[in-house]
Amino acid sequence: MRFPEKLKLFRIQHGYSQEELGRLVGVSDASISMYENGKRIPDVYKAVKIAKLMGTTCEELVTENFK
């Protein structure tokens, strides 16, 4: 699974709107939408925040089929 899919799945499973998740990460809901659609990637600082919210590492977040 790729990062955009992981992010969207996490957001939906935890009941966050794009706006709520954006607020937690420090970006706009439009940025979250772009991340989920693969049109943009977060900078390293935002990726760390996202990974921490998801209870994972940046490596796992961006690596497909991480084992």
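Cut-offs applied
- Residues numbered from 1 in each chain as written.
- Predicted model: local features only at pLDDT ≥ 70, side-chain atom pairs only at ≥ 80, totals over all residues.
- Heavy atoms only, no water.
- Core = buried A, V, L, I, M, F, W, Y, C linked by side-chain atoms within 4.5 Å.
- Buried < 20%, exposed > 50% of the residue type's maximum accessible area, 1.4 Å probe, protein only.
- Helix = DSSP H or I, 4+ residues; strand = E, 2+ residues; numbered from the N terminus.
- Axes fitted to C-alpha atoms, helices over the stretch in contact; angles between N-to-C directions.
- Parallel < 35°, antiparallel > 145°, perpendicular 65-115°, else oblique.
- Left-handed = near helix turned anticlockwise from the far one by under 90°.
- Contact = heavy atoms within 4.5 Å.
- Nonpolar A, V, L, I, M, F, W, Y, C, P; charged D, E, K, R; others polar.
- Phe/Tyr/Trp six-rings, centres within 6.5 Å; stacked < 30°, edge-to-face > 60°.
- Arc of directions from axis to C-beta.

1. Concerning the nonpolar core
Consideration 1: In terms of nonpolar packing, the biggest core is built from 11 residues, these being F3, L7, F10, L21, V25, V27, I32, Y35, I50, A51 and L61.
Consideration 2: Sorting the residues of this core by element identifies α1 (3–13), α2 (18–25), α3 (29–36) and α4 (44–54) as the ones contributing at least two each.

2. Regarding the packing of α2 against α4
Consideration 1: Interhelical geometry of α2 versus α4 gives an angle of 115° and a closest axis separation of 9 Å. In terms of orientation, α2 lies roughly perpendicular with respect to α4. Our pair here, α2 against α4, has a crossing hand that is right-handed. For the pair α2 and α4, the contacting residues are L21, L24 and V25 in the first and K46, K49, I50 and L53 in the second.
Consideration 2: For the contact of α2 with α4, the per-class residue count stands at 5 nonpolar, no polar and 2 charged.

3. Some words on the environment of E64
Consideration 1: Residue position: E64 is located in the segment after α5 (58–62).
Consideration 2: Looking at E64, the relative accessible area reads 47%, which means it is partly exposed.
Consideration 3: Beyond its immediate sequence surroundings of up to four residues, E64 is in contact with M1 and R2.

4. Regarding the packing of aromatic side chains
Consideration 1: Tallied over the entire structure, the rule returns 1 aromatic pair.
Consideration 2: Aromatic pair F10 and Y16: ring centres 6.1 Å apart, planes at 45°, arrangement tilted.
Consideration 3: For F10, a relative accessible area of 5% puts it in the buried group.
Consideration 4: We classify Y16 as partly exposed; its relative accessible area is 26%.

5. A closer look at α1
Consideration 1: Those residues of α1 not exposed but buried are F3, P4, K6, L7, F10 and R11. Down the axis of α1, the buried set is contained in an arc of 165°. They therefore lie on one face. Seen from the buried face of α1, the exposed residues on the opposite side, beyond 90 degrees, are I12 and Q13.
Consideration 2: In this fold, the buried residues of α1 make contact with α2, α3, α4 and α5.
Consideration 3: Phi for G15, located one or two positions after α1, is positive at around 75°.

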